[in-house]
Amino acid sequence: MQDNALELFEVFIRSKRGLDHKHVGSLHSEDHAQALEYARDVYTRRSEGVSIWVVKSADICASQEDDAENFFDPNDDKPYRHATYYDLPDAVNNM
Amino acid sequence: MSSEQNISLQEQQFMHKIKAEEKIEPKDWMPEKYRKNLIRQISQHAHSEVIGMQPEGNFLTRAPSLRRKAILLSKIQDEAGHGLYLYSAAETLGITREEMIEALQSGQAKYASIFNYPALTWGDMGAIGWLVDGAAIVNQVSLQRTSYGPYSRGMIRICKEESFHQRQGYDIMLSLVNGTPAQKAMAQDSLNRFYWPALMMFGPHDSESAHSAKSMEWKIKRETNDDLRQKFIDQTASQIEFLGLEHPDKELKWNEERGHYDSGEIDWEEFHNVIAGNGHCNRQRLEHHIKAHEEGAWVREALAAYNAKKQANKAEAA
Amino acid sequence: MSDTIKDATLEYAIRLGDDANVLGHRISEWVSHGPFLEEDIAYANVALDYIGRARMFYGYASELANDGRTEDDFAYMRDDRQYRNLLLMEMPKEDFAYSQVRQLFIDIYYGLLLPELVKSKDDTLAAIAAKAIKETRYHLRRSRDWVLRLGDGTEESHRRTQRAVDSLWGYTHEMFEMDDTERLLVDSGIGVDITKLRDDWHRQVGSILTEATLNVPEDSWTVRGGRIGYHTENLGHLLTEMQFVHRSYPGCQW
């Protein structure tokens, strides 16, 4: 029995033009082409999308929870990257 | 720091997230029991969706109109989809779908006992959609807030899609009660057979429930069996009345003080009896699943072989 | 529209409706029997497309007949001697290879027929065809890929797929045959001259079967009769199941 031969794919869908592709779930299939077709049948039964990406789950390189501090904390102390950091004089709005 | 202290620190951080209503995500540290508990619940939920295709599939080819057939087919198809979303969510916990299917087929994993009741008439398609999906939705709405991220997101998606399931069931009932006396009798019969089993779907009383306390603490479950069941009883009473059907619970009575209906006791002996394997369809449902799976084996093997050939050709060309 | 043309168009709509209805029913038998969950969902979509198509064709038939008959009267209140579907549609579901080979034969057939029907002078038929083309393009992608995979997969899948091709081949010939009714519609610019599609069909089927390492059968046997209501024994059983509830409670709304 070779059930495991069907690979796991992650599915990303762009719900309408102008928006990002968003992760919606995963599915099993033989290859990328079949994964795309199944993604269409499984995840867009109600016309939820205009574009689909499929990626082999094994090909995703994810940041580890252990790395979270090293990855993300250093940016917590750079408030100057956010617009709200700057107080503008009342005379100047809408920037 | 010793590893023991380390674990307890991790556990503290974990509980902190749970208390702060932060979602737990796949790569996060989590207690082994939390993982196991989730796998049990999510896979059981997935199996229920998939086994749940059978009673309705049983009537698909006998649907009395083309319109109803199309609706029922898309509903059953949704169930397959929901099974798939849930298997996906469980897979993020480090178990494969094959392992889950094996657990189902060996009887190790459970599915909702409601599907061990037979679907005998077209009225049952109405009762299943209205009552069985209705009860499931009450539970699922609550589970949208579950603490595990992938499960919660799956539930949100499922709830969005399922609102039509209950409505199409009720719509079938409406057509029946507005039809001939024979149709109305069919509706009453289906209601009688599915009402109590639908109440049983919420599980044993809180005091008897084996997994409830820990699941509540970890916010896997967000509301207790009895609270959810009460919600369902309350909302269903007026729906039955509107259909002009007789309520199967003769003791049902509005309790002004509680703001809820008081109801008769569930036949727990029947509940345990069906779980123990004495329902009309326990064997049939599993055998059906095993048969389809076995008959599909050569197809899955063919896919693997074809893929291997393709890879080999690619390697040769390179 | 003259009465003769109108009658012929009604008959044509019923034929196309019967094809879609019977095939949609057969595919729906796969629900919860598929080789894995993704395929169960995907194949159900194909069944839904066909049931939808049946409703459109019967809906048009009901409009043309104008005698109070509804889409469900056409589907549920006629016996197998009155059904006009191609025999290929009613063949049992059998194994997955059989169903996918049948699907391939039918998808290529509609892939050729529908683009012609879009040009029909009958606006309703043209509109139904325009919708159906998109569905069929997707179905063909699926059935073509399946036949390639199964034909060139394992020894077992190859054997099953070849068996399916051989057992179904004799039912494909009547797809390209026309009677006076359809000839009249071709002459009036309403119907499709399916005799002209035959060579293309053989070319396309042949090339896919060859790529799938399968043999194209010799034309050694032919069964025909679907369009005149001379069916195989399979249709009676299919209708018995399909029509049981509807006929047990006559005159009901569902």
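Anyway, here's the lowdown on the structure attached to this text. Just so you know, these numbers come straight off a predicted model, no measurement behind them.

Looking now at the overall build of chain C. The helix and strand inventory of chain C stands at 10 helices and zero strands. In chain C, the succession of helices and strands from N to C terminus is α-α-α-α-α-α-α-α-α-α. The C-alpha extent of chain C, read off along each of the three principal axes, is 55 × 45 × 30 Å. When each of the 254 residues of chain C is scored for burial, the buried share is 61%.

A few words on the sheet that holds strand E2 (residues 21-29) of chain A. Residue and element names in this part refer to chain A. Taken together, three strands build an open sheet; the order of strands is E2-E1-E3 and the sheet is antiparallel. In this open sheet, the two strands that pair with only one neighbour each are E2 and strand E3 (51-56). Strand-to-strand twist of the sheet, defined as the mean angle between neighbouring strand axes without regard to direction, takes the value 30°. Contacting strand E1 (7-14), E2 and E3, helix H1 (residues 32-43) crosses the sheet at an angle of about 115° to E2.

Contacts between the two partners involve 23 residues from chain A and, on the opposite side, 25 residues from chain B. Buried surface at the junction of chain A and chain B, summed over both partners, amounts to about 2100 Å²; 47% is from carbon and sulfur atoms. Across the chain A-chain B interface, the total number found is six salt bridges. The residue Glu30(A) makes a salt bridge to Lys310(B) at a minimum N-O spacing of 3.5 Å. Joining chain A to chain B, the criterion identifies 10 residue pairs in polar contact (both at pLDDT 80 or more). If you tally residues by element for the side of chain A that touches chain B, the top one is E2(A), at four residues.

A few words now on the pattern of salt bridges. It is possible for side chains bearing opposite charge to pair when their charged atoms get close. Under the definition given, this model contains 54 salt bridges over all chains. Across the pair Arg46(A) and Asp78(B) runs a salt bridge, and its minimum N-O distance is 2.4 Å. Linking Arg46(A) in the loop between H1 and E3 with Asp78(B) in helix H4 (residues 66-91), this pair reaches from one chain into another. Taking relative accessible area as the criterion, Arg46(A) reaches 34% and is therefore assigned partly exposed. A residue is classified by how much of its surface remains accessible, and Asp78(B), at 2% relative accessible area, is buried. Across the pair Asp193(C) and Lys196(C) runs a salt bridge, and its minimum N-O distance is 3.9 Å. The class of Lys196(C) is exposed, set by a relative accessible area of 66%.

Another point: the packing of helix H6 (residues 123-151) of chain C against helix H7 (residues 155-169) of chain C. All names here are of chain C. At their nearest, the axes of H6 and H7 sit 7 Å apart, and the two run at 125° to each other. On the basis of the axis angle, H6 is oblique to H7. Contacts between H6 and H7 involve Arg149, Leu150 and Gly151 from the former and Ser157, His158 and Thr161 from the latter. Class assignment of the residues belonging to the contact of H6 with H7 gives a composition of one nonpolar, four polar and one charged.

Okay, unusual backbone geometry next. Excluding glycine, most residues fall at negative phi; most peptide bonds, likewise, are trans. With phi around 60°, Lys219(B) is a residue other than glycine that occupies positive phi space. Relative to the assigned elements, Lys219(B) resides in the loop between helix H9 (212-217) and helix H10 (225-243). One non-glycine residue, Ser32(C), lies in positive phi territory at about 70°. Looking at the secondary structure, you find Ser32(C) in the loop between helix H1 (3-28) and helix H2 (37-65).

The rules behind each value
Residues numbered from 1 in each chain as written. Chains lettered and ligands numbered in written order. Predicted model: local features only at pLDDT ≥ 70, side-chain atom pairs only at ≥ 80, totals over all residues. Heavy atoms only, no water. Helix = DSSP H or I, 4+ residues; strand = E, 2+ residues; numbered from the N terminus. Buried < 20%, exposed > 50% of the residue type's maximum accessible area, 1.4 Å probe, protein only. Pairing = 2+ DSSP bridges. Axes fitted to C-alpha atoms, helices over the stretch in contact; angles between N-to-C directions. Contact = heavy atoms within 4.5 Å. Buried area = accessible area lost by both parts, 1.4 Å probe. Salt bridge = Lys/Arg side-chain N within 4 Å of Asp/Glu carboxyl O. Polar contact = N/O pair within 3.5 Å; in protein donor to acceptor, adjacent residues only side chain to side chain. Parallel < 35°, antiparallel > 145°, perpendicular 65-115°, else oblique. Nonpolar A, V, L, I, M, F, W, Y, C, P; charged D, E, K, R; others polar.

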